[in-house]
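Observations on chain architecture
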Amino acid sequence: MDELQKPENTIKHIKISTVISFAFLCFGTGMNLMAQTQISGYMDMGSNNVSDGIFIKTAGLVEYQFGKNSIETGLQVDLKSNNDRVFSGYSFKVSRQLQVKKFPFEIEGFCLWTPFSDVLRETNWGVLLDMKLNHFTLRFGTEFRSFAFTQKAIDSNGYIEDERIRENWNLVYSFGYHLKPADNQWNIGLSVTNIDYFIINQETNPVFTLRGQSRVSSTLNLFMEAWYKSAGAFNLSVNYFGFFFRTGIIWDIH
């Protein structure tokens, strides 16, 4: 059985990410435990050309913000899908806010683990530059993707254990426009991107997203998104691939 399928190994990955996050938090702030924590949760429901009907996913993310630094870990769970794996995604991200003269930006390093089938598992890691310009948001960078056989597939079919398919220097991007400033009570935005929390699409297969957000209190935000994905949007031939809704909350703990 693949390591990522075992509950004890899943818990182990979560514990390791939590320990790393807490250690980084303590050392980075001189043991100042007054750092801000942000907890996010959401649910996806939709379908696509390979889902064999409706899929339902849920995810939770915890972000620790201290000074100009932040660390985020996340876990995705499949509630209904054609994938027999319950835990379908793990993420880890570190970022730091920087400024050159009067131009602020954020640099982010990330790593994603996605056991999306019994045969293959996918790993993505890379670097992103994040900029906010009035009503516009811009993220771009590069990432490295690899596909490897699961332990179950190796044991069942005799595949070579260390054999991998690698993709280097893939382009990752997100371009968005929001009707209101970021700190407004409510907001509506439209974006085109190949980045999501637990998946990175090919450069030629962007996703178009419509997002609405409302602040319920000073610490709680609700949001709803509609995602449409095409196949080959930047090629001569464009086809429908999938559509899903996402609804969730963002809770800031001061």
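Residues numbered from 1 in each chain as written. Predicted model: local features only at pLDDT ≥ 70, side-chain atom pairs only at ≥ 80, totals over all residues. Heavy atoms only, no water.

Description of the confidence of the model for the protein
Per-residue confidence for the protein gives a mean pLDDT of 84, with 83% of residues at or over 70. Predicted confidence for residues 1-33 stays below pLDDT 50, and this span has 41 contacts to residues more than four positions away or in other chains. (pLDDT = per-residue confidence, 0-100. Contact = heavy atoms within 4.5 Å.)

Here we look at the layout of surface pockets
Empty space within the second largest pocket amounts to approximately 930 Å³. The set of elements that each furnish at least two residues to the lining of the second largest pocket consists of β1 (36-48), β2 (55-66), β3 (69-80), β7 (136-149), β11 (220-231) and β12 (239-253). Here the element with the most residues in the lining of the second largest pocket is β12; it accounts for five residues. Residue composition of the lining of the second largest pocket, by class: 14 nonpolar, 13 polar and eight charged. (1 Å grid on protein atoms, 1.4 Å probe; cavity = no way out; pocket = protein on both sides within 12 Å on 5 of 7 lines; lining within 4 Å. Points joined across faces, edges and corners; volume = space filled by probe spheres on them. Helix = DSSP H or I, 4+ residues; strand = E, 2+ residues; numbered from the N terminus. Nonpolar A, V, L, I, M, F, W, Y, C, P; charged D, E, K, R; others polar.)

Looking at unusual backbone geometry
One non-glycine residue, aspartate 52, adopts positive backbone phi at about 55°. Relative to the helices and strands, aspartate 52 resides in the loop between β1 and β2. A relative accessible area of 67% places aspartate 52 in the exposed class. (Buried < 20%, exposed > 50% of the residue type's maximum accessible area, 1.4 Å probe, protein only.)

Points about the sheet that holds strand β8 (residues 164-178)
Ordered in space as β1-β2-β3-β4-β5-β6-β7-β8-β9-β10-β11-β12, the 12 strands form a closed barrel in which the pairing is antiparallel. Each neighbouring strand pair of the sheet contributes to a mean axis angle of 20°, computed without reference to strand direction. As paired elements, β1 and β12 share 12 bridges and run antiparallel to each other. Considered in β12, the bridge of isoleucine 39 is made with tryptophan 251. (Pairing = 2+ DSSP bridges. Axes fitted to C-alpha atoms, helices over the stretch in contact; angles between N-to-C directions.)

Digging into the pairing of β3
Counting buried residues along β3, 10 of its 12 residues qualify, which places the element largely inside the surrounding structure. Here 11 bridges tie β2 to β3, and the two strands are oriented antiparallel to one another. Bridging across to β3, isoleucine 56 finds its partner in lysine 80. Pairing of β3 with strand β4 (residues 87-100) involves nine bridges; the strand directions are antiparallel. Of the residues in β4, the one forming a bridge with isoleucine 71 is valine 94. Where β3 folds back onto β4 in an antiparallel hairpin, the turn is made up of six residues.

Description of the packing of aromatic side chains
Summed over the entire model, instances satisfying the criterion amount to nine aromatic pairs. Between the aromatic rings of phenylalanine 243 and phenylalanine 245, the centroid separation amounts to 5.1 Å while the plane-to-plane angle is 85°, which identifies the pairing as edge-to-face. Among the aromatic residues, those joined into a ring-pair cluster are Phe55, Trp227 and Phe244. Stacked on the ring of phenylalanine 241, the Lys or Arg lysine 229 has its end atom at 4.6 Å from the ring centre. One cation-aromatic arrangement involves arginine 246 over tyrosine 42; the distance from NZ or CZ to the ring centre is 4.1 Å. (Phe/Tyr/Trp six-rings, centres within 6.5 Å; stacked < 30°, edge-to-face > 60°. Lys NZ or Arg CZ within 6 Å of the ring centre and 35° of its normal.)

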